[in-house]
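Descriptive analysis of the structure
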Amino acid sequence: MDAVINNSIEFFKTVVEFAPKFIPGVILTLQLAFFSIILGMIIGLVVAVLKLTKYKWLKKTMDVYITIVRGTPLLLQLYFIFYGLPSLGIMIDAFPSAIIALALHNGAYISEIFRGSIESIDYGQREAARSLGMTKWQAMKRVVLPQAFKRSVPALGNQFIIAVKDSSLASVITITETMLLARQFSAATFNVFPIYFTAGVYYLIITMGLTKVLSQVELKLKVNER
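Residues numbered from 1 in each chain as written. Predicted model: local features only at pLDDT ≥ 70, side-chain atom pairs only at ≥ 80, totals over all residues. Heavy atoms only, no water.

As annotated in an unreviewed UniProt entry, the protein chain carries the name Amino acid ABC transporter permease and is attributed to Acetobacterium wieringae. A UniProt comment under Sequence similarities (unreviewed entry) is attached to the protein chain, and it reads "Belongs to the binding-protein-dependent transport system permease family." As stated in UniProt under Subcellular location (unreviewed entry), the record for the protein chain gives "Cell membrane". (UniProt positions renumbered as here; feature names shortened; annotations may be inferred.)

In structure tokens form, the structure reads like this:
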């Protein structure tokens, strides 16, 4: 019994000791997630709109992009951008490489979310907008996209949470975010469980906070519809 109490005390002492040391890595994790999500949304929206054009070559190009990204591991995509592109003479630092890889990865999934939401809007609304004198792009911007965005919020929220957790893979290209710090601290102290427990708590706090924000956004959008 005494051994269990002593181990518990040591566990929490380690957690309290190392929790502040994770803060720089957590900030980097938040930065990676933020920039990759913003760029991923831009890429996803552009790809979704291009997939709905009448130009077959554009559709095929977007299909190839989505197939490659969804058909290969994110880890491989990170390696390709950070380690593969320099062999072609394209040098990119670790942080921009991680953002590019994560944004391209998120963009492929977000594009399908947007495409599904856009296609779910009744085509009669576009025809009504065109009959009022709007161009095809004006109808898309003023009528279709606002409604499509509202419908895509729940799915986007799930993708945002996945993006936060996916950012942990950036540690493999030497970015000292939360998971790399966890590995460094555990290797230095040989005290693995409390270190990774602390990292897990930080990820849980981030994802719970993001879930709360997204729930409020979704609720506000529903209120505005009434």
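**Side note on the packing of aromatic side chains**
All told, the structure shown has ten aromatic pairs when counted by the stated rule. Between F22 and Y202, the aromatic rings sit 6.0 Å apart at their centres with planes inclined by 45°, giving tilted as the arrangement. With a gap of 180 residues between them, F22 in the loop between α1 (2–18) and α2 (23–51) and Y202 in helix α9 (residues 192–225) connect regions that are remote in the sequence. For the pair F22 and Y202, one class covers both residues: buried. Each residue in the set F11, F12, F193 and F197 is aromatic and connected to the rest through ring pairs, giving one cluster. (Phe/Tyr/Trp six-rings, centres within 6.5 Å; stacked < 30°, edge-to-face > 60°. Helix = DSSP H or I, 4+ residues; strand = E, 2+ residues; numbered from the N terminus. Buried < 20%, exposed > 50% of the residue type's maximum accessible area, 1.4 Å probe, protein only.)

**Re the nonpolar core**
In terms of nonpolar packing, the biggest core is built from 15 residues, with L32, L78, A98, A170, I173 and I175 touching the most fellow members. Mapped by element, the contributors of at least two residues to this core are α2, α4 (74–84) and α5 (94–120). The element that contributes the greatest number of residues to this core is α5, accounting for five residues. When sequence neighbours within four positions are dropped, the list of residues in contact with I173 reads L78, F82, Y83, A94, S97 and A98. If you look at the next biggest cluster of nonpolar residues, it comprises 14 residues, including F22, A33, F185 and A199. (Core = buried A, V, L, I, M, F, W, Y, C linked by side-chain atoms within 4.5 Å. Contact = heavy atoms within 4.5 Å.)

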